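# What the coordinates show
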Amino acid sequence: MTDTELRVSKIQNGTVIDHVTAGEALHVLGLLGIDGTEGTTMSLGMNVPSDRLGRKDVVKVEGRELSDSEAEVLSLIAPEATINIIRDYEVVDKRRVERPEEVGGVLVCPNRECITNAGEPVETTFAVLEDGLRCEYCGEIVREDITAHLRD
Amino acid sequence: MRHDHLLTAKQLSRADIETVLDRAAAFDDDPTAAGERHADELLALCFFEPSTRTKMSFETAAKRLGGDVVDMGSVESSSVKKGESLADTVRVVEGYADGVVLRHPKQGAAKMASEHVDVPVVNAGDGAGHHPSQTLLDLYTIREHAGLDDISIGIMGDLKYGRTVHSLAHALTNFDVRQHFVSPESLRLPRSVRYDLHEAGAQVREHEDLDAVLPNLDVLYVTRIQRERFPDEDEYEEVAGEYSITPETLDAAKDDLAVMHPLPRVDEIAAAVDETDNATYFEQAHNGVPVRMALLDLLLDDD
Ligand SMILES: [Zn+2]
């Protein structure tokens, strides 16, 4: 990205998620619960040329910082992503996502017979497998389209 | 056995399994060996869906160890009916008893319950999930009849929904056992179970036809195919007939084949099979008591 482009979409406080796997930006918005109706200022770059990835997506969101569990799920959608936390136009924190051993909270188990869908006081926990996720309670495996299982 | 709870058969190593089975064998040989090992200890029976047989088996085991049980009773008469969460229920019950035996329709219920209490939780069935004490009594029965190494076992019937099958198959991966899964296409093992077995390095083969494998089997484990799995009666009748056992079916089998079934059976094993030396299912059911005694003995041990 050139300086000009950066300036156009510079944000004051929020998060810049860079090096998102090309084509995954909309899923990242889904993960953040952003569909445009809530009035959040954001900008998207899709299929932007990248030295590291060839092509990448970039997501910039005003007024929003990623929680740890959101960052964990992000790592599954976009394993190369970097998260830049912006405060007062400055990058105050920059980190690569790390693939966790398990992810908690953000996802819903697709198995309706799972105890995590029974109104009990329990957070979902998924073990991260090589090619998917597995519910630690009922054993259900989620392989494709993780973002379809995000909590509302 | 170093576990606080028994939630799934998957958590058990070969050494764990052998510890339970050895102790069960000791109780089986000499019922008085149990003595008053757990006098004054109380086991809470929380059955959120009916299963008289499993409940009686745990109750008998607790009493043979010198202990006693407190029974939550049926869900209809309890506070669950008023909308109390399972988490709250087990936290209350924990105050009454030294251990909780839980049966619940939701998968993962026992795991969640165990996260809310300090006493041991035994999973006595969580929906389509796990039923590890059944698995242990199955293993005990297999060991008594065929040993647990270098054997071939056929597991037949409803492999998709049958939780006993899933737990047993997983537990068998600890041993040198060739597993043959026999079912109609529509009731094959679910993906998650096949994944596990594959991960565990199991020797798994799937068949639609029993004939091809029967002569090689040391054990044939039959499960019920339920009517409600099929859209119409005719289709059910046809499939159920194909996966049922008669004395004639057994002509092709080894003489010492052990035919097992978690019971209750309907017509997947003809009554005439009961008279053959192959019928092992009633003995299997009886084995539930020494195995559950061993299990409770190990879990309730304070040291
Ligand atoms: Zn689940």
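Residues numbered from 1 in each chain as written. Chains lettered and ligands numbered in written order. Predicted model: local features only at pLDDT ≥ 70, side-chain atom pairs only at ≥ 80, totals over all residues. Heavy atoms only, no water.

### Some details on the overall build of chain B
Within chain B, the secondary structure is distributed over 10 helices and nine strands. In terms of C-alpha radius of gyration, chain B reaches 19 Å, essentially the compact-globule figure of 19 Å for 303 residues. Principal-axis analysis of the C-alpha atoms places the extent of chain B at approximately 55 × 45 × 40 Å. In chain B, buried positions account for 56% of the 303 residues. (Helix = DSSP H or I, 4+ residues; strand = E, 2+ residues; numbered from the N terminus. Rg over C-alpha atoms; globule rule 2.2 N^0.38 Å. Buried < 20%, exposed > 50% of the residue type's maximum accessible area, 1.4 Å probe, protein only.)

### Some points on the domain arrangement of chain A
Residue and element names in this part refer to chain A. Here chain A is partitioned into domain 1 (14-96) and domain 2 (102-147). Each of domain 1 and domain 2 has a C-alpha centre, and these two points are 23 Å apart. In this complex, domain 1 contributes eight residues to the contact, which on the side of domain 2 involves 10 residues. A combined buried area of about 680 Å² lies between domain 1 and domain 2, and 80% of that area is made up of carbon and sulfur atoms. (Domains from an automatic or database assignment. Contact = heavy atoms within 4.5 Å. Buried area = accessible area lost by both parts, 1.4 Å probe.)

### Let's talk about helix H3 (residues 68-77) of chain A
Among the 10 residues in H3 of chain A, seven count as buried, and that is most of the element. Within the span of H3 of chain A, buried status applies to Glu-70, Ala-71, Val-73, Leu-74, Ser-75, Leu-76 and Ile-77 of chain A.

### Considerations on the side chain of His-261 of chain B
Residues and elements named next belong to chain B. Its place among the elements puts His-261 in the loop between strand E9 (258-260) and helix H9 (281-286). Polar side-chain contacts of His-261 include one of 2.7 Å to the side chain of Glu-268. With sequence-adjacent residues up to four places away left out, His-261 is seen in contact with Val-222, Thr-223, Arg-224, Glu-268, Ile-269, Tyr-281 and Gln-284. (Polar contact = N/O pair within 3.5 Å; in protein donor to acceptor, adjacent residues only side chain to side chain.)

### Description of the pairing of strand E6 (residues 177-182) of chain B
Residue and element names in this part refer to chain B. Counting buried residues in E6 gives five out of six residues, a clear majority hidden from the surface. Of the strand pairs in this sheet, strand E5 (residues 151-156) and E6 are connected by six bridges, and their pairing is parallel. The residue bridging Met-156 from the neighbouring strand is Val-182, located in E6. Crossover handedness for the path E5 to helix H6 (residues 163-172) to E6: right-handed. Here E6 runs beside strand E7 (residues 203-207); their pairing, made up of five bridges, is parallel. Across the sheet, residue Val-182 finds its bridge partner in E7, namely His-207. (Pairing = 2+ DSSP bridges. Right-handed = clockwise from strand over helix to strand, strands pointing away.)

### Points about the coordination of the zinc ion
All names here are of chain A. Looking at the zinc ion, the protein donor atoms are Cys-109 (SG), Cys-114 (SG), Cys-135 (SG) and Cys-138 (SG), and they sit 2.3 Å from it. In this structure, the zinc ion is surrounded by four donor atoms whose angles at the metal cover 100 to 116°, and the resulting shape is tetrahedral. Positions of the donor residues of the zinc ion along the chain correspond to the pattern C-x4-C-x20-C-x2-C. A residue pair is termed long-range when its members are at least 10 positions apart, and Cys-114 in the loop between strand E6 (102-104) and strand E7 (125-129) and Cys-138 in the loop between strand E8 (132-135) and strand E9 (141-142) qualify at 24 residues. Of the two residues, Cys-114 and Cys-138, neither departs from the other in class, the shared state being buried. (Donors = N, O, S within 2.8 Å, 3.2 Å for Na, K, Ca; no water. Tetrahedral: all angles 85-135°; square planar, octahedral: opposite > 155°, others 65-115°.)

### Some remarks on unusual backbone geometry
The residue after Leu-263 of chain B, namely Pro-264 of chain B, is reached through a cis peptide bond having omega 0°. Residue position: Pro-264 of chain B is located in the loop between E9 and H9. One non-glycine residue, Asn-47 of chain A, lies in the positive phi region at around 55°. Summarising the element assignment, Asn-47 of chain A is placed in strand E2 (residues 42-50). The exposure class assigned to Asn-47 of chain A is partly exposed, which follows from its relative accessible area of 41%.

### Things to note about the nonpolar core
Judged by nonpolar contacts, the single largest core of 57 residues is most densely connected at Ile-17, Leu-74 and Leu-133 of chain A together with Leu-102 of chain B. Aside from chain neighbours lying at most four places away, what touches Ile-17 of chain A is Val-28, Leu-32, Asp-57, Val-58, Val-59, Leu-66, Leu-74, Ala-81 and Thr-82 of chain A. (Core = buried A, V, L, I, M, F, W, Y, C linked by side-chain atoms within 4.5 Å.)

### Remarks on the pattern of salt bridges
Residues and elements named next belong to chain A. With the rule as written, the count across this model stands at 28 salt bridges over all chains. Close ionic contact of Glu-65 with Arg-87 constitutes a salt bridge, the shortest N to O distance being 3.0 Å. Separated by 22 residues along the polypeptide, Glu-65 in the loop between strand E3 (54-62) and H3 and Arg-87 in strand E4 (residues 82-87) bring together distant segments of the chain. Looking at Glu-65, the relative accessible area reads 36%, which means it is partly exposed. (Salt bridge = Lys/Arg side-chain N within 4 Å of Asp/Glu carboxyl O.)

### A word on the sheet that holds E6 of chain B
The pairing of strands in a sheet comes from backbone hydrogen bonds and takes either a parallel or an antiparallel form. Residues and elements named next belong to chain B. Taking strand neighbours across the sheet as the criterion, the five strands line up as E7-E6-E5-E8-E9 in an open arrangement whose pairing is parallel. The two strands at the open ends of the sheet, each matched to only one other strand, are E7 and E9. In this sheet, neighbouring strand axes are inclined to one another by 20° on average, regardless of whether the strands run parallel or antiparallel. Examined bridge by bridge, strand E8 (residues 219-222) and E9 share three bridges and lie parallel to one another. Across the sheet, the residue bridging to Val-219 is Ala-258, located in E9. (Axes fitted to C-alpha atoms, helices over the stretch in contact; angles between N-to-C directions.)

### Description of the domain arrangement of chain B
All names here are of chain B. Entries for chain B in the domain assignment read domain 1 (9-130 + 286-299) and domain 2 (132-285). Placing the centre of domain 1 and that of domain 2 at their C-alpha centroids yields a distance of 25 Å. Of all residues in domain 1, Arg-14, Leu-21 and Asn-287 give up the largest surface area on contact with domain 2, accounting jointly for 24% of the area buried on that side. Inspection of the domain 1/domain 2 interface yields three salt bridges. Asp-196 is paired through a salt bridge with Lys-10; the nearest N and O atoms lie 2.9 Å apart. Mapped by element, the contributors of at least two residues to the side of domain 1 that touches domain 2 are helix H1 (14-29), helix H2 (52-64), strand E4 (121-126) and helix H10 (288-300). No other element matches the nine residues that H1 contributes to the side of domain 1 that touches domain 2.

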